[in-house]
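Summary of the model geometry
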Amino acid sequence: MRGQDPSRGLIRDSGGRLFALVGLVFVATAAGGQMLQQEVPQLEGPTPSMAVIGAAPLPRWVVDDQRRMRAYPDQPPIIPHSIEGYELSVNANRCLSCHKREFTQDSGAPMISVTHYMTRDGQMLADVSPRRYFCTACHVPQADTRNLVVNKFKDMSELGIKPAGSE
Ligand code: HEC
Ligand code: HEC
């Protein structure tokens, strides 16, 4: 049926132009990519990647037990307490011994939210979902260090909205 396709001639005619356009987009993207490469700050520092240097001292974690505001609604909150020596393996999960729904009354820890009990299809489970088992894949402690790069982040509440209930 290919020969009968009425749009085929059209495609063939504009083929040359299409090719030129694709070429142009390719060149533009490559140029943009190069510009971007120059602007992206180097995170690894001036040391050549293959050189062996001493490890930097471990940063001091913020462990003041203050739950920090989230930068955006779906951010995994940072861990505001020490997790030194907490076992997190297939056999034992120290985090759940405080944060699991059943244990929160005694531990006083905030419960892992409902999303932690859902499969990726939104099916609710009786226990923590395997994809949420290894907490530190998403939740990290906060170190008391300088920003690696200049941070101009603005919270969305600072973007000129009138806060609800402010009158
Ligand atoms: C001994 C109980 C206990 C254990 C074990 C524990 N936590 Fe917590 N966690 C708490 C309590 C209590 C808080 C509330 C803030 C505070 O007091 O530090 C908290 C707060 C948090 C928060 C902040 C929640 C928010 O809304 O800001 C995160 C994230 C967290 N814990 C993750 C973890 C992870 C990950 C582990 C395991 C590596 C863990 N916790 C182990 C008791 C515990
Ligand atoms: C795949 C990433 C991921 C993993 C793994 C994960 N979390 Fe979370 N967690 C999140 C996100 C995202 C949020 C915030 C939005 C939400 O509640 O889903 C959150 C929220 C939380 C909160 C705050 C709940 C609330 O209602 O304020 C706690 C406490 C928490 N997680 C603890 C844990 C613990 C303990 C584990 C390990 C058993 C864990 N999380 C594993 C991503 C994760």
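Read on for a plain summary of the structure. For clarity, every value in this text was computed on a predicted model and none was experimentally measured.

Attention now goes to the site of ligand 2. Within the structure, ligand 2 sits among 23 residues, and Ser 113, His 116, Cys 135, Cys 138 and His 139 are positioned closest to it. A distance of 2.8 Å separates an oxygen atom of ligand 2 from a polar atom in the side chain of Arg 70. Here ligand 2 occupies the largest pocket. The class makeup of the residues in the shell around ligand 2 is 11 nonpolar, 7 polar and 5 charged.

Right, let's talk about the coordination of the iron atom of ligand 1 for a bit. Coordination of the iron atom of ligand 1 by the protein comes from His 81 (NE2) and His 99 (NE2), over a distance range of 2.0 Å. Coordination geometry of the iron atom of ligand 1: the 6 donor atoms subtend angles of 88 to 179° at the metal centre, consistent with an arrangement described as octahedral. Of this pair, His 81 sits in the loop between helix H2 (15–39) and helix H3 (96–99) while His 99 sits in helix H3; the two residues are 18 residues apart in sequence, bridging distant segments of the chain.

Right, let's talk about the site of ligand 1 for a bit. Around ligand 1 there are 19 residues in total, and Asp 65, His 81, Cys 95, Cys 98 and His 99 lie nearest to it. Within the side chain of Arg 67, one N or O atom sits 2.8 Å away from an oxygen atom of ligand 1. Within the side chain of His 99, a nitrogen or oxygen atom sits 2.8 Å from a nitrogen atom of ligand 1. Under a 2 Å grid-point criterion requiring more than half of the atoms, the pocket assigned to ligand 1 is the largest pocket. Of the residues contributing to the shell around ligand 1, the split by class is 11 nonpolar, 4 polar and 4 charged.

We now examine the pattern of salt bridges. Counted by the stated rule, this structure contains 3 salt bridges. Across the pair Lys 100 and Asp 127 runs a salt bridge, and its minimum N-O distance is 3.2 Å. One end of the pair, Lys 100, is in the loop between H3 and helix H4 (104–107); the other, Asp 127, is in the segment after H4, with 27 residues separating them in the sequence. Owing to a relative accessible area of 15%, Lys 100 belongs among the buried residues under this scheme. You can call Asp 127 partly exposed: its relative accessible area is 36%. Residues Glu 167 and Lys 162 are paired through a salt bridge, measuring 2.6 Å at the closest nitrogen-oxygen approach.

Criteria and cut-off values
- Residues numbered from 1 in each chain as written.
- Chains lettered and ligands numbered in written order.
- Predicted model: local features only at pLDDT ≥ 70, side-chain atom pairs only at ≥ 80, totals over all residues.
- Heavy atoms only, no water.
- Near = heavy atom within 4 Å.
- Polar contact = N/O pair within 3.5 Å; in protein donor to acceptor, adjacent residues only side chain to side chain.
- 1 Å grid on protein atoms, 1.4 Å probe; cavity = no way out; pocket = protein on both sides within 12 Å on 5 of 7 lines; lining within 4 Å.
- Sits in = over half its atoms within 2 Å of the grid points.
- Nonpolar A, V, L, I, M, F, W, Y, C, P; charged D, E, K, R; others polar.
- Donors = N, O, S within 2.8 Å, 3.2 Å for Na, K, Ca; no water.
- Tetrahedral: all angles 85-135°; square planar, octahedral: opposite > 155°, others 65-115°.
- Helix = DSSP H or I, 4+ residues; strand = E, 2+ residues; numbered from the N terminus.
- Salt bridge = Lys/Arg side-chain N within 4 Å of Asp/Glu carboxyl O.
- Buried < 20%, exposed > 50% of the residue type's maximum accessible area, 1.4 Å probe, protein only.

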